[in-house]
Amino acid sequence: MSDHKKERGIRDLYAEDPERADWLVFGRVPDQGRRGFLKGAGLAAMAAAVGASIPFARHLPAGLIPAALADTTTDFAILGKEGLIVRNDRPINLETPPTLLDADVTPIKHFFVRNNGLLPEPVADPDAWSFTIDGEVENPLTLSVADLKRDFENITIQAQLECGGNGRAGYNPPARGNQWALGAVGNGEWTGVRLAEVLNKAGLKPSAVYTGHYGADPHLSQDPNKPSISRGVPIAKAMNPYTMLVWGMNGEPLPYLNGGPLRVLAPGWPGSCSQKWLTRIWVRDRIHDGPGMTGMSYRMPRHRVAPGTKVPTSEMEIMQSMPVKSVITFPDTNVKVSASRPLEVRGHAWAGDRDVKEVYVSIDYGASWQRANLAAPANKYAWQRFSAAVQFPDSGYFEIWARAVDDAGISQPMVVPGWNPRGYLNNSCHRIAVVAA
Ligand SMILES: Nc1nc2c(c(=O)[nH]1)N[C@H]1C(S)=C(S)[C@@H](COP(=O)(O)O)O[C@H]1N2
Ligand SMILES: [Mo]
């Protein structure tokens, strides 16, 4: 161990005690709960830190790290995935910085990677890859990718895929696991067949209630009897016409790091339902109980709990559709822009099983909102493009916040939503920092 004091990042500091961090970093006195707005020396310190005066300081809530300081990236790269942030390298977990999510279809090299185990052996002939369907079916099947291509209707759809833990880094107290910030999400163009057709060929028994998915990736311990992860979905989701077995992505063979030769795609649900390197679908007569289905995994407290609460497993329920969310993909955070011309802001919004109905942007910390243009999705489950021209009233430091609302009228929260023990489903508004000059 070195004698040096550990360098503390601003996130660590804010995670521990946001109001105290405000005081430590900017000299903001934590008075009257959350209404300790920044004035005097504290305001001057924060302005120095963000590099400009802060016109809307009166709306900037206490205990909020300015986005100018909160978002950092590293340059460590994995072949074929250059530009992604390495959150973990054993197992490999790669996050996409927001600006690399700007395209309507996320390029393969920019599509995030989330692994729970080790990588499986690569194969020479993807068409020869096979998997089995067994359990509560009339005719257990073994099918190759070549069989899928030949015997079932081939379809191509766009769909967003988001890790259930995307945004985990925002929770306080922090949750164990990859500290995903914003980019454990992407919108791919997927080619394959409907899982429903394959299940119909196997013939579901009336006793079928859930799927259980298995992949070829070894457990971190290398114990061959332990799956790295094995999740599943209720039969209704498995039979949804957008739930697929996928061998192609963006017009290419499904890349190895994203589950090639063959994966499940259960759009709109936590990414963990979309098993990579698929070897088996076990049709179950009960809720699947593989690793990742039980205990606290991919579950949320049934009722809201105070941050830090120890929640008994009996109070946890399985996550299904992901909540409404958006990401600002242009401009990048911490850029200088012109104060005299409107700034074109854009990004994408999505809402799990739902559609996005409206997106709003704010330049005054949510005090007022401007409606953005919102495109229809390319198809159900594709993310939706939003754009807005914002005009700054003055020069100085501003934040641009984006907030999407789904077709049931449910909005993204402006700040971190319900704390939960494993840090899932943080769909708070994305905000970026700009200095207008
Ligand atoms: N076999 C296997 N499938 C898996 C995983 C895994 O670790 N092993 N991770 C899951 C999780 S948690 C997510 S979020 C998605 C991520 O898909 P991607 O790596 O293609 O982005 O894959 C899912 N499928
Ligand atoms: Mo995930």
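Residues numbered from 1 in each chain as written. Chains lettered and ligands numbered in written order. Predicted model: local features only at pLDDT ≥ 70, side-chain atom pairs only at ≥ 80, totals over all residues. Heavy atoms only, no water.

### Comments concerning the overall build of the protein chain
Here comes step 1: Of the regular secondary structure elements, the protein chain holds seven helices and 23 strands.
Here comes step 2: When the 437 residues of the protein chain are sorted by exposure, 54% land in the buried category.
Here comes step 3: For the protein chain, restricting intrachain contacts to residue pairs at least 6 apart in sequence, the fraction spanning at least 24 positions comes to 70%.
Here comes step 4: Put simply, the protein chain shows about 18700 Å² of open surface, and 52% of that area lies on carbon and sulfur atoms. (Helix = DSSP H or I, 4+ residues; strand = E, 2+ residues; numbered from the N terminus. Buried < 20%, exposed > 50% of the residue type's maximum accessible area, 1.4 Å probe, protein only. Contact = heavy atoms within 4.5 Å. Areas by Shrake-Rupley, 256 points an atom, 1.4 Å probe, with all protein chains shown as cover.)

### As for the packing of aromatic side chains
Here comes step 1: For the coordinates displayed, the defined rule picks out ten aromatic pairs.
Here comes step 2: Ring geometry for Phe56 versus Phe398: centroids 5.9 Å apart, planes at 75 degrees, classification edge-to-face. Linking Phe56 in the loop between helix 3 (40–50) and helix 4 (67–70) with Phe398 in strand 22 (residues 396–406), this pair joins segments that are 342 residues apart in sequence. For the pair Phe56 and Phe398, one class covers both residues: buried.
Here comes step 3: Geometrically, the ring pair formed by Phe112 and Trp180 is edge-to-face, given 6.4 Å between the ring centres and 85 degrees between the ring planes. Of this pair, Phe112 sits in the loop between strand 2 (92–95) and strand 3 (113–114) while Trp180 sits in the loop between strand 6 (155–162) and strand 7 (185–194), placing them 68 residues apart in sequence.
Here comes step 4: Put simply, the rings of Phe111, Phe112, Trp180 and Trp190 touch in pairs and so form one group of aromatic residues.
Here comes step 5: When the ring centre of Trp369 is taken as reference, the NZ or CZ atom of Arg403 above it lies at 4.5 Å. (Phe/Tyr/Trp six-rings, centres within 6.5 Å; stacked < 30°, edge-to-face > 60°. Lys NZ or Arg CZ within 6 Å of the ring centre and 35° of its normal.)

### Brief notes about the sheet that holds strand 21 (residues 384–390)
Here comes step 1: A sheet is described by the order of its strands in space; here four strands give the open sequence 15-17-21-20, paired in antiparallel fashion. At either end of the open sheet lies a strand with only one pairing partner, and these are strand 15 (325–330) and strand 20 (373–374).
Here comes step 2: In this sheet, strand 17 (residues 343–350) lies alongside strand 15 in antiparallel orientation, the contact comprising five bridges. Across the sheet, the residue bridging to Lys325 is Trp350, located in strand 17. (Pairing = 2+ DSSP bridges.)

### As for the site of ligand 1
Here comes step 1: Near ligand 1 lie 19 residues; those nearest to it are Phe112, Asn116, Asp217, Arg263 and Lys276.
Here comes step 2: Between an oxygen atom of ligand 1 and a side-chain N or O atom of Asn258, the distance comes to 2.9 Å.
Here comes step 3: A total of 540 Å² of accessible area belongs to ligand 1 in isolation, and the protein chains cover 100% of it.
Here comes step 4: Here the residues of the shell around ligand 1 sort into eight nonpolar, seven polar and four charged. (Near = heavy atom within 4 Å. Polar contact = N/O pair within 3.5 Å; in protein donor to acceptor, adjacent residues only side chain to side chain. Nonpolar A, V, L, I, M, F, W, Y, C, P; charged D, E, K, R; others polar.)

### Details of the sheet that holds strand 12 (residues 278–284)
Neighbouring strands of a sheet are bound in pairs by backbone hydrogen bonds; such pairs are parallel or else antiparallel.
Here comes step 1: With respect to topology, four strands assemble into an open sheet ordered 5-4-12-8, the strand pairing being mixed. Single-partner strands in this sheet number two, and they are strand 5 (141–144) and strand 8 (210–215). Averaged over all adjacent pairs, the angle separating strand axes in this sheet is 20 degrees, with direction ignored.
Here comes step 2: Here strand 4 (residues 130–135) pairs with strand 5 via four bridges, running antiparallel. From the neighbouring strand, Ile133 faces strand 5, where its bridge partner is Leu141. (Axes fitted to C-alpha atoms, helices over the stretch in contact; angles between N-to-C directions.)

### Considering the environment of Phe112
Here comes step 1: Given the relative accessible area of 5%, Phe112 is considered buried.
Here comes step 2: Spatially, the C-alpha atoms of Phe112 and Gly186 are 6.8 Å apart, while their sequence positions differ by 74 residues.
Here comes step 3: Setting aside chain neighbours within four positions, we find Phe112 in contact with Leu84, Leu94, Glu95, Thr96, Leu161, Glu162, Cys163, Gly183, Ala184, Val185, Gly186 and Asn258.

### Overview of the pattern of salt bridges
Here comes step 1: Scanning the entire structure with this criterion turns up 20 salt bridges.
Here comes step 2: Among the ionic pairs, Asp289 bridges to Arg284, the shortest N-O distance being 2.9 Å.
Here comes step 3: Judged by its relative accessible area of 6%, Arg284 falls in the buried class.
Here comes step 4: Connected via shared salt-bridge partners are Asp102, Asp104, Arg346 and Arg385. (Salt bridge = Lys/Arg side-chain N within 4 Å of Asp/Glu carboxyl O.)

### Observations regarding the environment of Thr309
Here comes step 1: Structurally, Thr309 is set in the loop between strand 13 (299–301) and strand 14 (316–318).
Here comes step 2: Here the alpha-carbon distance between Thr309 and Pro173, two residues 136 residues apart in the chain, equals 9.7 Å.
Here comes step 3: Polar side-chain contacts of Thr309 include one of 2.5 Å to the backbone oxygen of Ala306.

### A look at the confidence of the model for the protein chain
Here comes step 1: This prediction gives the protein chain a mean pLDDT of 89; 88% of its residues lie at or above 70.
Here comes step 2: Residue range residues 72–76 is modelled with pLDDT below 50. Its contacts to residues more than four positions away, or to other chains, number six contacts. (pLDDT = per-residue confidence, 0-100.)

### Some points on unusual backbone geometry
Here comes step 1: With an omega of 0 degrees, the peptide bond between Asn172 and Pro173 qualifies as cis.
Here comes step 2: Structurally, Pro173 is set in the loop between strand 6 and strand 7.
Here comes step 3: That bond from Phe330 to Pro331 is cis: its omega, 0 degrees, falls within 30 degrees of zero.
Here comes step 4: Along the chain, the position of Pro331 falls in the loop between strand 15 and strand 16 (335–337).
Here comes step 5: Positive phi values are uncommon outside glycine, yet Gln222 reaches one of about 65 degrees.
Here comes step 6: For Gln222, the position within the fold is in the loop between strand 8 and helix 7 (235–238).
Here comes step 7: Residue Tyr381 is not a glycine yet carries a positive backbone phi of 80 degrees.
Here comes step 8: Examined against the element boundaries, Tyr381 turns out to sit in the loop between strand 20 and strand 21.

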